[in-house]
Amino acid sequence: MSETKYIPKSKLAQWFDSRLPLLTLSHHLKEYPTPKNLNYWWTFGGILTFCLITQIVTGLVLAMHYVAHVDHAFESIEHIMRNVNYGWLIRYVHANGASMFFLAVYIHIFRSLFYGSYKSPREVIWIIGLLIYILMMATAFMGYVLPWGQMSFWGATVITNLFSAIPLVGESITTWLWGGYSVANPTLNRFYSLHYLLPFLIFGLVVLHIWALHVPGNNNPVGIDVKKNSNETMPFHPYMVMKDIFALLLFITIFLWFVFFAPNVLGHPDNYIEANPLVTPAHIVPEWYLLPFYAILRAIPSKLGGVIFMFAAIFILMLLPWLDTCKVRSANFRPIYKKFFWILVFVVILLGYLGAKPPEGIYLTLSRLATAYYFIHFLILLPFLGRYEKTDPLPNSISDPVLDKPGMLDKFKKAAAKYEGENVSSFK
Amino acid sequence: MLVHLNKFINRFFIIFLISTIPFSVFSEEKKINFVKTHWSFEGIFGTFDRSSLQRGYQVYKEVCAGCHSVQHLSYRNLAEKGGPEFSIEEAKAIAAQFEVEDGPNNDGEMFLRPGKLSDKFVKPYSNVQASTAANDGAYPPDMSVLAKARAGGANYIYSLLLGYEEAPADFELDDGVYYNKYMPGNKIKMSEPISDGIVEYSDGTDATKEQIAKDVTNFLVWASEPHLESQHRMGFKTIVYLIILIIFVYMSKQKVWSRFGSTEEDKEEAFDKVEKVVTKYEGEDPNTFR
């Protein structure tokens, strides 16, 4: 927050602002001090906002033409693709937009893991972010059901059936979710209703996410606090706005390349076959962004166990700020954590690959190993590292010149390590 | 800033490489080698071959339409841009060849009339059950989006049409089931649909098996993606526009950022200072290290 109180220039503006401080808000957003050393991994916040708005706008138009009924849903999608003006464009943007949204959110989350952005004082931002992520998965899952293709139907059947694993009330919960005794028209209708509602809840949480961010301000690649309103920060507008727009345009180019030249590669061909409750597809697979969790689900031999572990894999992230006890935020100053971070990236991608494979033989063995490692990383390695890892000395400030030149930082670390114990944290 | 961007792209690339490892290491399953042919609709500038689409429609009508529906196509689509582009008159004449059930009329009766441009392609059977019953228990799939509903798309359909073979000696086949190299499981209930000269092309094209397979596959790809040509055209324009825009935005961003902070000379000076300090005190008395 900018320290000086903002007073609008004109009398009218002052009158309005004292009644509803919208002008103060816009002044704050414009002047919001951001660390000058943010790299391009920090542009994904803006990219994600763009993704959400794109999904809402294209979704609104699709909803004008879509028919949520088991007899007409598949046909109405083809109607959109063929007869609605630019319907194919709107639908392909929406369908690929979901994938791009998840691509961006995974980068955003792993950025946070690398630079320790979830640590004090940013725990609340992190938890709200995870809530957004969970709602995103729910929304995407229900959206995938709407075209009423084979994968829609069977994906919905598999996922809703998970709830039947809950002891005693499981069966009743599943029936309640379905609105009947199988996935059918009532299920499609409620999924449509919820698919329309959830994005607006996400939008609300995004406002809270940004609000919570603006209290402590951005973390940065060095991971040490910046002095606000010093030469270490720059106003959000125009500096970050210009940089974010540049990164966003690069992102949009990749996004639209998929839309125009490979709109179906990220989907499953079976979803162009209309849903048929009597024919089960050879392999039921969810969309790529849910595959790591699907792999964890199937790695556990018992159904209930699989469900518990799958949800645990998501909810364990909520505890991350307290599992990772290391005070140093950025992995750049945590040599051992940095290695484990990359192993985690690899393991999650591996899980995603295994989720697309049948759960048998080598795939099952690997899924189990990778699942075990996933939990070990968070429950054992992180608390252990927090205690025993010897971190590199931190620079005094983000404007320390050692940070400006590649190679200089390593020299600094080496020299500092040599004179450990001495006050050599900065070469001023 | 360019350094940052470079680093960013490098990391991005590394992650990309990591993500391909599982796929390259474990993809020991045999890859299906489809019959290779060139498709004019592929690539950024891909367009359909009009005469091939027209011939493809003929093949569909004379060979496939007995069992397979294309229920999401309308007769007007045949005259639309980016498709076979029959003339309006030709498309009207095609539509008029079919009897369409309409009604109810003022007496409450359903009646049959010749097809119009606005009609959907008439289906060979009125429902899935009827077509399944008529085809010995195997439903001939609707072909509206068939090219998108099969892994391999056009290549799969083309290969399947040419993939009928004598079954290997140890391969058991029931009556009314045929052996096909490209069908998953190698068993297919559709008998070999095409053979040399099964249709006669009015444009003089030699109606070989390969030609027929190619024409009808072209037609099916168009049927599942009738706006493919405008999609490609718009895509190319959009990407070019974006690239130009990105260049300008990058330049303005650099301009804006140059207002902030130290100049390159200041930075160089700072680097030199640090370098000097580091080299000077390496190995010397740490107490003087300040």
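Residues numbered from 1 in each chain as written. Chains lettered and ligands numbered in written order. Predicted model: local features only at pLDDT ≥ 70, side-chain atom pairs only at ≥ 80, totals over all residues.

Moving on: the domain arrangement of chain A. Residue and element names in this part refer to chain A. What the domain assignment reports for chain A is domain 1 (29-284) and domain 2 (288-388). Elements that contribute at least two residues to the side of domain 1 that touches domain 2 include exactly α5 (87-115) and α6 (123-145). Among the elements that take part in the side of domain 1 that touches domain 2, α6 stands out by supplying seven residues, more than any other. When the residues that make up the side of domain 1 that touches domain 2 are grouped by side-chain class, the tally is 17 nonpolar, six polar and two charged. (Domains from an automatic or database assignment. Helix = DSSP H or I, 4+ residues; strand = E, 2+ residues; numbered from the N terminus. Nonpolar A, V, L, I, M, F, W, Y, C, P; charged D, E, K, R; others polar.)

Here we take up helix α14 (residues 335-355) of chain A. In an α-helix, one turn spans 3.6 residues; hence positions three or four apart end up facing the same way. Between its first and last C-alpha atoms α14(A) spans 31 Å; for 21 residues at 1.5 Å apiece the expected length is 30 Å, and the two agree. When α14(A) is considered as a whole, its buried residues turn out to be A:Y337, A:L344, A:V347, A:V348, A:I349, A:L350, A:L351, A:G352, A:Y353, A:L354 and A:G355. (Expected span 1.5 Å × (residues − 1). Buried ≥ 20, exposed ≤ 12 C-beta atoms within 10 Å, placed from the backbone.)

Glancing now at the confidence of the model for chain A. Looking at chain A as a whole, the pLDDT averages 92, with 93% of positions reaching at least 70. Across residues 421-428 of chain A, confidence stays below pLDDT 50; counting only partners more than four residues off in sequence or on other chains, it has 19 contacts. (pLDDT = per-residue confidence, 0-100. Contact = placed C-beta atoms within 7 Å.)

Here we take up unusual backbone geometry. Glycine aside, negative phi is the norm for most residues, and most peptide bonds take the trans geometry. The amide bond that connects A:H237 to the next residue, A:P238, takes the cis arrangement and shows omega of 5°. One can find A:P238 in helix α10 (residues 236-261). Of the consecutive residues B:G103 and B:P104, the connecting peptide bond is found in the cis state with omega at 5°. Phi at A:L168 is positive, roughly 65°, even though this residue is not glycine. Checked against the element boundaries, A:L168 lands in the loop between α7 (150-161) and α8 (170-178). One non-glycine residue, B:N186, adopts positive backbone phi at about 65°. Mapping B:N186 onto the fold places it in the loop between β3 (178-179) and β4 (187-188).

Another point: the environment of A:D270. Assignment of secondary structure puts A:D270 in the loop between α10 and α11 (291-299). Take A:D270: there are 21 C-beta atoms within 10 Å of it, and that puts it in the buried class. Put simply, A:D270 and A:Q150 are 120 residues apart on the chain and 5.7 Å apart in space, counted from C-alpha to C-alpha. Once residues lying within four places of it in the same chain are set aside, the contact partners of A:D270 are A:G149, A:Q150, A:M151, A:P281 and B:A149.

For chain B, the assigned domains read domain 1 (50-73 + 120-226) and domain 2 (227-260). Taking the mean C-alpha position of each, domain 1 of chain B and domain 2 of chain B sit 43 Å from one another.

For the rest of this paragraph, the subject is the nonpolar core. Of all hydrophobic cores here, the largest spans 76 residues; its most connected members are A:I47, A:F101, A:A104 and A:L351. Sort the elements by how many residues they give to this core and α5(A) lands first, with twelve residues. Taken domain by domain, the makeup of this core includes at least three residues from each of domain 1 (29-284) and domain 2 (288-388) of chain A. Of all hydrophobic cores here, the second largest spans 39 residues; its members include B:L160, B:A213, B:V216 and B:L220. (Core = buried A, V, L, I, M, F, W, Y, C linked by C-beta atoms within 7 Å.)

All right, on to the confidence of the model for chain B then. Residues and elements named next belong to chain B. Model confidence for chain B is summarised by a mean pLDDT of 88, while 84% of its residues fall at 70 or above. Here residues 285-290 is modelled with pLDDT under 50, and outside its nearest four sequence neighbours on either side it reaches seven contacts, counting other chains as well. In the predicted complex, the global pTM is 0.90; the interface-specific ipTM is 0.89.

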